[in-house]
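One letter stands for each residue in the lines below.
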Amino acid sequence: TISEVLAWEALDSRGRPTVGCRVILADGASGRATVPSGASTGGHEARERRDGDPDRYGGHGVRGAVDAVRTTLAPLVIGLDAADQEAVDAALESADDDPLLGAVGANAVLAVSLATLLAAAAGSGRPLWRHVSGDAVPLLPLPMVNIVSGGAHAGRALDIQDVLAVPVGATSFAQALEWVSRVRAAAGELLAQRGGTTTALVADEGGLAGGLADNEAALALVTDAVEHAGLAPGEHVGLAVDLAANQLHDGTGYRLDGETLDAAAWRARLERWCRDYPVVSLEDVLVEDDWAGWAAATPALGADRQLLGDDLFATNAGRLRQGIDQGVANAVLVKPNQAGTVSRARAVTELARAAGYATVISARSGDTEDDWLADLAVGWRTGQLKVGSTMRSERTAKWNRLLEIEATAGPTEFAGAAALSRSLA
Ligand code: PGA
Ligand code: ZN
């Protein structure tokens, strides 16, 4: 039974305020969560509440959200059974008429939802992954790891947001992480050789930023880095690209390398990149509300690779249902703070699985040192996890937790390349 809910203003990895929360149970067990925050946020995700007071943290303060935890949300959940996550989440959602939780603040709601889950796991005496998985065998996810960053995560050093490495040939999580760490180091060396003077600079998710002539050079750099690391592009390590297309659209077309491409030219460019580089996953290729464009692009771009919706689906079951019905994309990014509660995020994961869509659970560009995301990946058997680079502690917190689980949890499975969505057919 929940007996106490504490909240405070903490800092995320960008040094911006976020909501910290501890839920304490009657038997003394407790759980603490600090919520993440995006920079390239979609229009359909649950809404963070920020104070907007220019005299504190440039308007990014979250004292209002912290207050909402103490005065609005805590009374709704005190006395509830923490093990009944759905009942707790329903009580939290009832506090706001806005399904996107904008009045109370999705950052307030998620903090309580997650801290409740962690308290319940602690109270059960089991690790979080086991608490959420029931009897299922723990499934270590295939990691999708940021190597080069642009867009809103790197001062627009590139137009596209992330070029990532996916260790498709690895047979364990530990091997997967070692391979991508090698690729990251090789990419830094090659970038320095190619005239980048910024190898010490890392972007919001720990990716390399700056020093490249154009967007395609980032795909070439990562492909070459795989070889430089002694691995085979495509066979051992493939590429994933997050276009974050919302950020590229200027109202008439997609801005790339100083030009505006219309829809046909943009798609042709993506198709060529997929022919010339070992791209196994593409994310947010079009703006979030272009359902017709997405449906038209899915057969070509998604025929033999993963086509992943982030801003498109916004971890929202209604939007994912629409996508499934219209044959749009074949995989969904699951970000708990886009959903607003643990139960909503889990429901999206289950809806995707039932429809044959792949699932990639994901951190945010502004994240925290918490590691619950790793346990959710394993316990929910998402198959894939996207957390950023292999450096910066808010990123390594998740990787390190996965290394711990693989090494110590007894029999586990590693999802490997089979977790990638291959085709809609
Ligand atoms: P965000 O970026 O956390 O800034 O939204 C992550 C992503 O686009 O995948
Ligand atoms: Zn994205």
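Please read all numbers here as calculations on a predicted model, not as lab measurements.

Q: Any chance you could explain empty space enclosed by the protein here in plain terms?
A: A water-sized probe rolled over the atoms picks out the places where empty space is left. Considering all chains together, one arrives at three cavities of 30 Å³ or more under this definition. Along the walls of the largest cavity sit 17 residues, with His153, Glu205, Lys335, Ala363 and Ser365 positioned nearest its centre. In terms of residues, the lining of the largest cavity owes the most to one element, strand β14 (residues 383–388), which gives three residues. In the lining of the largest cavity, the residues fall into three nonpolar, seven polar and seven charged. By volume, the second largest cavity amounts to about 60 Å³. Lining the second largest cavity, in full, are Thr18, Val35, Pro36, Ser37, Ala46, Arg47, Glu48, Arg50, Ala106, Asn107, Leu110 and Asn337. With three residues, the single largest contributor to the lining of the second largest cavity is helix α3 (residues 106–124). Among the residues forming the lining of the second largest cavity, the class breakdown is five nonpolar, four polar and three charged.

Q: Just to check I follow, could you spell out the coordination of the zinc ion (ligand 2) for this structure?
A: Tetrahedral coordination by four donors places them ideally at 109.5 degrees to one another around the metal; octahedral coordination by six donors ideally gives 90 or 180 degrees. Every protein donor of the zinc ion (ligand 2) is listed here as Asp242 (OD), Glu283 (OE) and Asp310 (OD), and their distances to the metal cover 2.1 to 2.2 Å. In primary sequence terms, the donor set of the zinc ion (ligand 2) follows D-x40-E-x26-D. Placement of the pair is Glu283 in strand β10 (residues 279–283) and Asp310 in the loop between β11 (306–309) and α9 (317–326), with a sequence separation of 27 residues.

Q: Before we go on, may I ask you to explain the site of ligand 1 in this structure?
A: Taken together, 14 residues sit near ligand 1, with Ala39, His153, Arg364, Ser365 and Lys386 positioned nearest. Note that an oxygen atom of ligand 1 is positioned 2.7 Å from one of the side-chain N or O atoms of His153. Side-chain polar atom of Asp310 to an oxygen atom of ligand 1: 3.0 Å apart, as the coordinates give it. Considered on its own, ligand 1 offers 280 Å² of accessible surface; in the complex 99% of this is hidden by protein. Judged by the proximity of its atoms to the pocket grid, ligand 1 belongs to the largest cavity. For the shell around ligand 1, the class distribution of residues is two nonpolar, five polar and seven charged.

Q: Help me understand the UniProt feature "binding site: (2R)-2-phosphoglycerate" (unreviewed entry) in the protein in this model?
A: When the UniProt feature table is mapped onto this chain, "binding site: (2R)-2-phosphoglycerate" (unreviewed entry) is found at Gln161, Lys335, Arg364, Ser365 and Lys386. Of the annotated set, the members that line the largest cavity are Gln161, Lys335, Arg364, Ser365 and Lys386. Its place among the elements puts Lys335 in the loop between β12 (331–334) and α10 (336–339). Beyond its immediate sequence surroundings of up to four residues, Lys335 is in contact with Asp310, Thr315, Ser362, Ala363 and Arg364. Among the secondary structure elements, Lys386 is positioned in strand β14.

So, how was this worked out
- Residues numbered from 1 in each chain as written.
- Chains lettered and ligands numbered in written order.
- Predicted model: local features only at pLDDT ≥ 70, side-chain atom pairs only at ≥ 80, totals over all residues.
- Heavy atoms only, no water.
- 1 Å grid on protein atoms, 1.4 Å probe; cavity = no way out; pocket = protein on both sides within 12 Å on 5 of 7 lines; lining within 4 Å.
- Points joined across faces, edges and corners; volume = space filled by probe spheres on them.
- Helix = DSSP H or I, 4+ residues; strand = E, 2+ residues; numbered from the N terminus.
- Nonpolar A, V, L, I, M, F, W, Y, C, P; charged D, E, K, R; others polar.
- Donors = N, O, S within 2.8 Å, 3.2 Å for Na, K, Ca; no water.
- Near = heavy atom within 4 Å.
- Polar contact = N/O pair within 3.5 Å; in protein donor to acceptor, adjacent residues only side chain to side chain.
- Areas by Shrake-Rupley, 256 points an atom, 1.4 Å probe, with all protein chains shown as cover.
- Sits in = over half its atoms within 2 Å of the grid points.
- UniProt positions renumbered as here; feature names shortened; annotations may be inferred.
- Contact = heavy atoms within 4.5 Å.

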